[in-house]
Amino acid sequence: MTTTIPMSITVDGERHDLDVDPRTTLLDALRERLGITTTKKGCDHGQCGACTVLLDGRRVLSCLTLAVAKDGAHVVTADGLATDGELHPVTEAFLANDAYQCGYCTPGQICSAVGAIDEARRGMPSAVTADLAADVTLDRSEIAERMSGNLCRCAAYVNIVSAVEEAAHR
Amino acid sequence: MRPFTYARPDAAADAVATLAADPDARFLAGGTNLLDHLKLGVVEPTQLVDVTGITSTEITELDDGGLRIGAGVPNSDLAADPRVRERYPAVAAAILAGASGQLRNMASTGGNLLQRTRCAYFADPTTPCTKRDLSQGCSARGGWARYHAILGASEHCIATHPSDLAVALVALDAQVQVLGADGARTIPIAAFHRLPGDDPTRDTVLAHGDLVTAVDLPAPTPAVANSTYRKVRDRASYAFALVSAAVALEVREGTVVDVRIALGGVAHKPWRATTAEAALRGRPATDDEFRAAIAAELEAAEPVESPLGGNAYKIPLVTGTVVSTLRGLAGGVA
Ligand SMILES: Cc1cc2nc3c(=O)[nH]c(=O)nc-3n(C[C@H](O)[C@H](O)[C@H](O)COP(=O)(O)OP(=O)(O)OC[C@H]3O[C@@H](n4cnc5c(N)ncnc54)[C@H](O)[C@@H]3O)c2cc1C
Ligand code: SF4
Ligand code: FES
Ligand code: FES
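Residues numbered from 1 in each chain as written. Chains lettered and ligands numbered in written order. Predicted model: local features only at pLDDT ≥ 70, side-chain atom pairs only at ≥ 80, totals over all residues. Heavy atoms only, no water.

*Asks:* Describe in detail the packing of helix α11 (residues 287–297) of chain B against helix α12 (residues 314–329) of chain B, supporting the description with residues and values.
*Replies:* Residue and element names in this part refer to chain B. Interaxial distance between α11 and α12 falls to 9 Å at its minimum, and their mutual angle equals 140°. If you check the angle between α11 and α12, you find them oblique. For the crossing formed where α11 meets α12, the hand is right-handed. Contacts between α11 and α12 involve Asp-287, Phe-290, Arg-291 and Ile-294 from the former and Val-318, Thr-319, Val-322, Val-323, Leu-326 and Arg-327 from the latter. Tallied by class, the residues present in the contact of α11 with α12 amount to six nonpolar, one polar and three charged. (Axes fitted to C-alpha atoms, helices over the stretch in contact; angles between N-to-C directions. Helix = DSSP H or I, 4+ residues; strand = E, 2+ residues; numbered from the N terminus. Parallel < 35°, antiparallel > 145°, perpendicular 65-115°, else oblique. Left-handed = near helix turned anticlockwise from the far one by under 90°. Contact = heavy atoms within 4.5 Å. Nonpolar A, V, L, I, M, F, W, Y, C, P; charged D, E, K, R; others polar.)

Following this line, the structure appears as structure tokens:
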């Protein structure tokens, strides 16, 4: 018999109180307990990026996060990026650049792109940053490297890179 | 997944005492390796002790000119720290060469060193694996052994250690700070990970309940300031190393005065290439010398042959990787 643990979590601005089995991942808490199915389950093992959300402002994989370990955290899914009915610039850029086909990876791609653009603005380097001590410019190779944790079975990669490029340079 | 309880102690000593008293308890940090293994049934703890509240997330200056990295520092923050990027470029480069942006945000410094092998049989409890259970055999010998060790393996296990960060730390002579049931101690990183010998279940010299609290980088030498990490993989990003090298080099008037070489993807632990280093010190910084030095190191190599894919390819791959990395650090074309 497992005992559940009470916790609260704010998702897309709305606070939820729930009791969770300690084994529940953040992904399953979102989808199965709170009915928030924007965030997708691909591999459930950290290998595809479909479950990417912004947790306290940073992009993470919700499938490898235990819900109980994030009591009190703020989660933003691709749904919560819009403000006052206006789409987020990254979401807009995905639409404008046709950066998806089936759309299954898209919520994770968008959250990941928002996180990646923010990381670059804060000066965080990547594996393709030529000079580790210098500032970062988000060119196509930087974007491809920084988005490599998000797989797309439809291989919409070329347009995804274009969308992120457009959003980053707004 | 077997049921487990979850605890979040306020003090490191409490976390250590909880584990010391319960062989079925495990520390949880970023969860990126442990959660995967819980789902796969590779480990079945009955208690998780969350250490994220009790391991430092700070990088601080040491009196001797080095840096102390708290065990809770996320991999992404470590790679982005301006002091690390400037003084220890191999450390930043090694982290950035691994995993993905999301995973590096989650993964901790301590958890990175304690991550388990990516041997496919280890991750699959339906196949025999001595590392999971000493009474079983090794499925990788004669099986899918492409990723496996060419140095320091035993008849019981040919797995490699998957961490990129650990390889850079070994090249730089980092020190691991540990809190155990009997108090704090310091372990040189080269003595932290083990060779498999007759007990591959143990990846490191840590006892159950030992908590990594920090990693210390010694004051940078000119060679360390001129260091880098080169990783070769099946695809350009988001893949584990086939082989990798953390290399630091100081050349004066064409002569090697200081050199450090650590290899990843070749052994059960990051492999410090001491034979190659000794062969190079005081020698001209030329391709021929580089090639001879790494050849001397690899004399001990024992590649695994297998109908499903062996790993003899790693010998020329390590050679080319090390030679071109040394050449680049010496000012030539890498
Ligand atoms: C798809 C994928 C790709 C990856 N690619 C790479 C790669 O290319 N290169 C690479 O190096 N890594 C890679 N990783 C591995 C990743 O770097 C590790 O999973 C991560 O560093 C582990 O850190 P964590 O904090 O999440 O550890 P956890 O998963 O929380 O813990 C891992 C282990 O360490 C123990 N532990 C945690 N903290 C401590 C502590 N302070 N003291 C003692 N024990 C502790 C835990 O009990 C557990 O046994 C990849 C992972 C995934 C899922
Ligand atoms: S190589 Fe080691 S980890 Fe892999 S199956 Fe053999 S014993 Fe297990
Ligand atoms: S579902 Fe989380 S990474 Fe694939
Ligand atoms: S659009 Fe179909 S998986 Fe990416």
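Having seen the structure, we can now continue with the description.
*Asks:* Now, about the interface of chain A and chain B: what can you tell me, with residues and values included?
*Replies:* The accessible area lost on association of the parts is a frequent measure of interface size. In this assembly, 37 residues from chain A lie in contact with 36 residues from chain B. Interface of chain A and chain B: buried area, both sides summed, is about 2900 Å²; carbon and sulfur atoms make up 57% of it. Ranking the residues of chain A by area buried against chain B places Arg-23, Leu-64 and Leu-132 of chain A at the top, with a combined share of 23%. Scanning the region where chain A abuts chain B turns up two salt bridges. Residue Asp-77 of chain B pairs with Arg-58 of chain A through a salt bridge whose shortest N-O separation is 2.9 Å. Remark: the boundary between chain A and chain B carries 20 residue pairs in polar contact (both at pLDDT 80 or more). (Buried area = accessible area lost by both parts, 1.4 Å probe. Salt bridge = Lys/Arg side-chain N within 4 Å of Asp/Glu carboxyl O. Polar contact = N/O pair within 3.5 Å; in protein donor to acceptor, adjacent residues only side chain to side chain.)

*Asks:* I'd like a rundown of the packing of aromatic side chains, residues and numbers included.
*Replies:* All names here are of chain B. According to the stated counting rule, one finds one aromatic pair over all chains in the structure shown. Plain terms: the ring middles of Trp-144 and Tyr-147 are 5.5 Å apart, the flat faces sit at 50° to each other, and that makes the pair tilted. Residue Trp-144 is classed as partly exposed on the basis of its relative accessible area of 36%. Residue Tyr-147 is classed as partly exposed on the basis of its relative accessible area, which comes to 24%. Over the ring of Tyr-147 we find Arg-146, and its NZ or CZ is 5.8 Å from the ring centre. (Phe/Tyr/Trp six-rings, centres within 6.5 Å; stacked < 30°, edge-to-face > 60°. Buried < 20%, exposed > 50% of the residue type's maximum accessible area, 1.4 Å probe, protein only. Lys NZ or Arg CZ within 6 Å of the ring centre and 35° of its normal.)

*Asks:* Quick one: what's the story with the site of ligand 2, residue by residue and with numbers?
*Replies:* The full set close to ligand 2 counts 14 residues, and Cys-119, Cys-129, Cys-138, Cys-157 and Ile-158 of chain B are the nearest of them. Class assignment for the residues of the shell around ligand 2 results in nine nonpolar, four polar and one charged. (Near = heavy atom within 4 Å.)

*Asks:* Provide a residue-level description of the pairing of strand β10 (residues 243–252) of chain B, including the pertinent values.
*Replies:* Residues and elements named next belong to chain B. Where burial is concerned, most of β10 is hidden: eight out of the ten residues are buried. Sheet topology note: the strand β9 (residues 227–232)/β10 ladder contains six bridges and is antiparallel. Bridged to Tyr-229 within β10 is Ala-246. Of the strand pairs in this sheet, β10 and strand β11 (residues 255–264) are connected by nine bridges, and their pairing is antiparallel. Its bridge partner being in β11, Glu-250 is matched across the sheet by Asp-258. (Pairing = 2+ DSSP bridges.)

*Asks:* Describe the environment of Ala-96 of chain A, naming the residues involved and giving the relevant values.
*Replies:* In this structure, Ala-96 of chain A sits in helix α2 (residues 89–96). Sequence spacing of Ala-96 of chain A and Leu-27 of chain A is 69 residues, and the spatial spacing of their C-alpha atoms is 28 Å.

*Asks:* How would you summarise the sheet that holds strand β2 (residues 14–20) of chain A if you had to cite specific residues and measurements?
*Replies:* Residue and element names in this part refer to chain A. Pairing is mixed across the open sheet formed by five strands, whose spatial order is β2-β1-β5-β3-β4. Only two strands of the sheet have a single partner each, and these edge strands are β2 and β4 (58–61). Sheet twist, expressed as the mean angle between neighbouring strand axes with direction ignored, is 40°. Sheet analysis places strand β1 (residues 5–11) next to strand β5 (residues 74–76), joined by two bridges and oriented parallel. Note that in β5 the partner of Thr-10 across the bridge is His-74. Running over the sheet, helix α3 (residues 106–121) touches β3 (52–55), β4 and β5 and is turned about 45° from β3.

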